[in-house]
Amino acid sequence: TKHRQKEDDHRAKLAYHQDLYERFGKYFLQLSKKQLPQFDHSVEALDLIAGCGFSSIHLLPMLPENSRIVAISDYREKLLAFHDNLLPDHQEKLFLRKQDPYNLPFADETFDLIWALLITEKPKDIDKIIRQAARTLKVGGTLFVISTLKNSFMDLIGIFYKQLNISDFTHN
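Cut-offs used in this document
Residues numbered from 1 in each chain as written. Predicted model: local features only at pLDDT ≥ 70, side-chain atom pairs only at ≥ 80, totals over all residues. Heavy atoms only, no water. Helix = DSSP H or I, 4+ residues; strand = E, 2+ residues; numbered from the N terminus. Buried < 20%, exposed > 50% of the residue type's maximum accessible area, 1.4 Å probe, protein only. Contact = heavy atoms within 4.5 Å. Areas by Shrake-Rupley, 256 points an atom, 1.4 Å probe, with all protein chains shown as cover. Phe/Tyr/Trp six-rings, centres within 6.5 Å; stacked < 30°, edge-to-face > 60°. Core = buried A, V, L, I, M, F, W, Y, C linked by side-chain atoms within 4.5 Å. Salt bridge = Lys/Arg side-chain N within 4 Å of Asp/Glu carboxyl O.

*Asks:* Would you mind going over the overall build of the chain with me for this structure?
*Replies:* Summing up its helical and strand segments, the chain has five helices and five strands in all. Starting at the N terminus and ending at the C terminus, the chain contains elements arranged as α-β-α-β-α-β-β-α-β-α. Taking all 172 residues of the chain together, 39% fall into the buried category. Sequence separation of at least 24 residues holds for 78% of the intrachain contacts in the chain that already meet a minimum separation of 6. Total accessible area computed for the chain in this model is approximately 10,900 Å², and 51% of it derives from carbon and sulfur atoms.

As C-alpha coordinates, this is what we get:
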(Lines give C-alpha, C1' and ligand atoms only; values in the text may rest on other atoms or scores of the structure.)
Protein backbone atom coordinates (compact mmCIF):
# COMPACT_ATOMS: atom_id res chain seq x y z
CA THR A 1 0.00 0.00 0.00
CA LYS A 2 2.88 2.37 0.67
CA HIS A 3 4.25 1.71 -2.80
CA ARG A 4 0.83 2.29 -4.36
CA GLN A 5 0.42 5.55 -2.44
CA LYS A 6 3.83 6.69 -3.68
CA GLU A 7 2.84 5.90 -7.28
CA ASP A 8 -0.46 7.78 -6.85
CA ASP A 9 1.38 10.79 -5.40
CA HIS A 10 3.83 10.70 -8.31
CA ARG A 11 0.97 10.59 -10.86
CA ALA A 12 -0.79 13.50 -9.14
CA LYS A 13 2.42 15.55 -9.18
CA LEU A 14 2.95 14.81 -12.89
CA ALA A 15 -0.66 15.81 -13.65
CA TYR A 16 -0.20 19.05 -11.71
CA HIS A 17 3.02 19.88 -13.60
CA GLN A 18 1.39 19.05 -16.94
CA ASP A 19 -1.48 21.41 -16.11
CA LEU A 20 0.98 24.21 -15.29
CA TYR A 21 2.89 23.65 -18.53
CA GLU A 22 -0.34 23.75 -20.53
CA ARG A 23 -1.59 26.93 -18.84
CA PHE A 24 1.68 28.84 -18.89
CA GLY A 25 3.04 27.28 -22.06
CA LYS A 26 0.83 29.50 -24.22
CA TYR A 27 2.09 32.55 -22.36
CA PHE A 28 5.69 31.40 -22.84
CA LEU A 29 5.17 30.94 -26.58
CA GLN A 30 3.51 34.35 -26.95
CA LEU A 31 6.27 36.04 -24.99
CA SER A 32 9.05 34.26 -26.83
CA LYS A 33 7.58 35.20 -30.22
CA LYS A 34 7.50 38.86 -29.12
CA GLN A 35 10.83 38.96 -27.30
CA LEU A 36 12.99 36.58 -29.32
CA PRO A 37 15.42 38.61 -31.39
CA GLN A 38 15.61 38.07 -35.13
CA PHE A 39 18.95 36.35 -35.53
CA ASP A 40 20.75 36.65 -38.87
CA HIS A 41 22.93 33.62 -38.15
CA SER A 42 22.59 30.15 -36.67
CA VAL A 43 22.17 30.24 -32.90
CA GLU A 44 23.74 28.32 -30.05
CA ALA A 45 21.06 28.20 -27.36
CA LEU A 46 20.79 26.83 -23.82
CA ASP A 47 17.65 25.73 -22.00
CA LEU A 48 18.82 26.02 -18.38
CA ILE A 49 16.01 24.05 -16.77
CA ALA A 50 14.69 21.79 -19.52
CA GLY A 51 12.21 19.78 -17.47
CA CYS A 52 10.04 17.86 -19.92
CA GLY A 53 11.42 19.83 -22.89
CA PHE A 54 8.36 21.96 -23.66
CA SER A 55 10.25 25.19 -24.26
CA SER A 56 13.11 23.66 -26.27
CA ILE A 57 10.76 21.75 -28.55
CA HIS A 58 8.65 24.84 -29.20
CA LEU A 59 11.50 27.32 -29.60
CA LEU A 60 13.57 25.23 -32.02
CA PRO A 61 11.37 26.01 -35.07
CA MET A 62 11.59 29.76 -34.25
CA LEU A 63 15.38 29.74 -34.56
CA PRO A 64 17.33 30.12 -37.80
CA GLU A 65 18.37 27.09 -39.80
CA ASN A 66 21.38 25.17 -38.38
CA SER A 67 20.72 26.46 -34.86
CA ARG A 68 21.31 24.13 -31.93
CA ILE A 69 19.86 23.90 -28.45
CA VAL A 70 21.53 22.29 -25.46
CA ALA A 71 18.81 21.36 -22.95
CA ILE A 72 19.93 20.48 -19.45
CA SER A 73 18.20 18.92 -16.50
CA ASP A 74 19.50 17.31 -13.37
CA TYR A 75 16.61 14.83 -13.32
CA ARG A 76 17.13 11.64 -15.31
CA GLU A 77 13.38 10.91 -15.46
CA LYS A 78 12.61 14.30 -16.99
CA LEU A 79 15.34 13.86 -19.59
CA LEU A 80 13.92 10.48 -20.55
CA ALA A 81 10.44 11.97 -20.88
CA PHE A 82 11.96 14.80 -22.92
CA HIS A 83 13.72 12.33 -25.21
CA ASP A 84 10.43 10.51 -25.82
CA ASN A 85 8.89 13.78 -27.09
CA LEU A 86 11.58 14.48 -29.69
CA LEU A 87 10.71 14.26 -33.35
CA PRO A 88 13.34 12.72 -35.64
CA ASP A 89 14.26 16.10 -37.17
CA HIS A 90 14.83 17.56 -33.67
CA GLN A 91 17.39 14.95 -32.74
CA GLU A 92 20.18 16.56 -34.79
CA LYS A 93 19.53 20.05 -33.40
CA LEU A 94 18.55 19.42 -29.80
CA PHE A 95 21.10 17.98 -27.40
CA LEU A 96 20.02 16.63 -24.04
CA ARG A 97 22.46 16.70 -21.17
CA LYS A 98 22.11 15.52 -17.57
CA GLN A 99 23.64 18.48 -15.80
CA ASP A 100 22.84 20.63 -12.81
CA PRO A 101 22.54 24.32 -13.74
CA TYR A 102 24.75 25.51 -10.87
CA ASN A 103 28.10 24.63 -12.43
CA LEU A 104 27.87 24.76 -16.21
CA PRO A 105 30.77 23.09 -18.04
CA PHE A 106 30.55 25.45 -21.01
CA ALA A 107 33.14 28.08 -21.90
CA ASP A 108 32.51 31.77 -21.30
CA GLU A 109 30.41 33.45 -24.00
CA THR A 110 29.21 30.22 -25.62
CA PHE A 111 25.49 30.91 -26.15
CA ASP A 112 23.56 33.50 -28.16
CA LEU A 113 20.33 32.69 -26.34
CA ILE A 114 19.67 31.31 -22.85
CA TRP A 115 16.33 30.83 -21.14
CA ALA A 116 14.87 29.33 -17.99
CA LEU A 117 11.22 28.47 -17.66
CA LEU A 118 10.61 28.31 -13.90
CA ILE A 119 7.07 26.99 -13.82
CA THR A 120 6.98 23.98 -11.54
CA GLU A 121 9.99 24.39 -9.33
CA LYS A 122 12.15 27.07 -7.82
CA PRO A 123 15.85 26.26 -7.97
CA LYS A 124 17.70 26.23 -4.66
CA ASP A 125 20.15 28.94 -5.71
CA ILE A 126 18.74 31.09 -8.51
CA ASP A 127 21.57 33.59 -7.99
CA LYS A 128 24.19 30.98 -8.92
CA ILE A 129 22.18 29.90 -11.97
CA ILE A 130 21.92 33.49 -13.22
CA ARG A 131 25.67 34.01 -12.67
CA GLN A 132 26.37 30.87 -14.73
CA ALA A 133 23.99 32.07 -17.43
CA ALA A 134 25.63 35.49 -17.55
CA ARG A 135 29.07 33.88 -17.81
CA THR A 136 28.12 31.60 -20.71
CA LEU A 137 26.03 34.20 -22.58
CA LYS A 138 27.76 35.93 -25.49
CA VAL A 139 28.09 39.70 -25.38
CA GLY A 140 24.88 41.03 -26.93
CA GLY A 141 23.11 37.70 -26.31
CA THR A 142 19.61 37.27 -24.94
CA LEU A 143 18.64 35.81 -21.56
CA PHE A 144 15.03 35.44 -20.59
CA VAL A 145 13.45 33.92 -17.53
CA ILE A 146 9.77 33.22 -17.01
CA SER A 147 8.58 32.43 -13.52
CA THR A 148 5.18 31.70 -12.05
CA LEU A 149 6.54 31.25 -8.56
CA LYS A 150 5.71 33.52 -5.66
CA ASN A 151 8.39 36.12 -4.92
CA SER A 152 10.55 34.89 -7.80
CA PHE A 153 10.15 38.10 -9.78
CA MET A 154 11.65 40.25 -7.02
CA ASP A 155 14.35 37.62 -6.43
CA LEU A 156 15.28 37.83 -10.11
CA ILE A 157 15.26 41.64 -10.14
CA GLY A 158 17.63 41.64 -7.17
CA ILE A 159 19.93 39.16 -8.87
CA PHE A 160 20.04 41.15 -12.10
CA TYR A 161 20.83 44.32 -10.19
CA LYS A 162 23.70 42.51 -8.43
CA GLN A 163 24.98 41.17 -11.76
CA LEU A 164 24.95 44.70 -13.17
CA ASN A 165 26.54 46.09 -9.96
CA ILE A 166 23.58 48.42 -9.35
CA SER A 167 23.01 49.15 -5.68
CA ASP A 168 20.02 51.52 -5.87
CA PHE A 169 16.83 49.94 -7.22
CA THR A 170 15.16 53.35 -7.55
CA HIS A 171 17.89 54.96 -9.65
CA ASN A 172 17.75 54.69 -13.45
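*Asks:* Sorry, what's going on with the packing of aromatic side chains here?
*Replies:* Any two aromatic rings considered together are summarised by their centre-to-centre distance and by the angle between their planes. In the structure shown here, the tally under the stated rule is one aromatic pair. Ring geometry for Phe106 and Phe111: centres 5.1 Å apart, planes at 85 degrees, overall edge-to-face. The class of Phe106 is buried, set by a relative accessible area of 14%. Judged by its relative accessible area of 2%, Phe111 falls in the buried class.

*Asks:* Would you explain the nonpolar core in this entry?
*Replies:* In this structure, Ala45, Leu63, Ile69, Phe82, Leu94, Leu113 and Trp115 are the most contacted members of the largest nonpolar core, which totals 17 residues. Secondary-structure elements contributing two or more residues to this core are helix H2 (54-59), strand E2 (68-73) and strand E4 (111-118). Beyond its immediate stretch of four places on either side in the chain, Leu113 contacts Leu36, Phe39, Val43, Glu44, Ala45, Leu46, Leu63, Leu137, Thr142 and Phe144.

*Asks:* Is there a simple way to explain unusual backbone geometry in this structure?
*Replies:* Most peptide bonds are trans, and most residues other than glycine sit at a negative phi. At Asn66, a position not held by glycine, the phi torsion is positive, near 70 degrees. On the secondary structure map, Asn66 appears in the loop between H2 and E2. A relative accessible area of 58% means that Asn66 is categorised as exposed. A positive phi angle, near 55 degrees, is found at Glu109, a position not held by glycine.

*Asks:* In this structure, what is going on with the pattern of salt bridges? I would like to understand it.
*Replies:* Pairing between side chains of opposite charge can happen when the charged atoms of each approach one another. Going through the model one piece at a time under the given rule, you end up with three salt bridges. Its salt-bridge partner being Glu44, residue Arg68 comes within 3.1 Å of it at the nearest N-O pair. Here Glu44 lies in strand E1 (residues 44-47) and Arg68 lies in strand E2, a separation of 24 residues in the sequence. Judged by its relative accessible area of 36%, Arg68 is partly exposed. Close ionic contact of Asp112 with Lys138 constitutes a salt bridge, the shortest N to O distance being 3.4 Å. Taken as a pair, Asp112 in strand E4 and Lys138 in strand E5 (residues 137-147) lie far apart in primary sequence, 26 residues in all.

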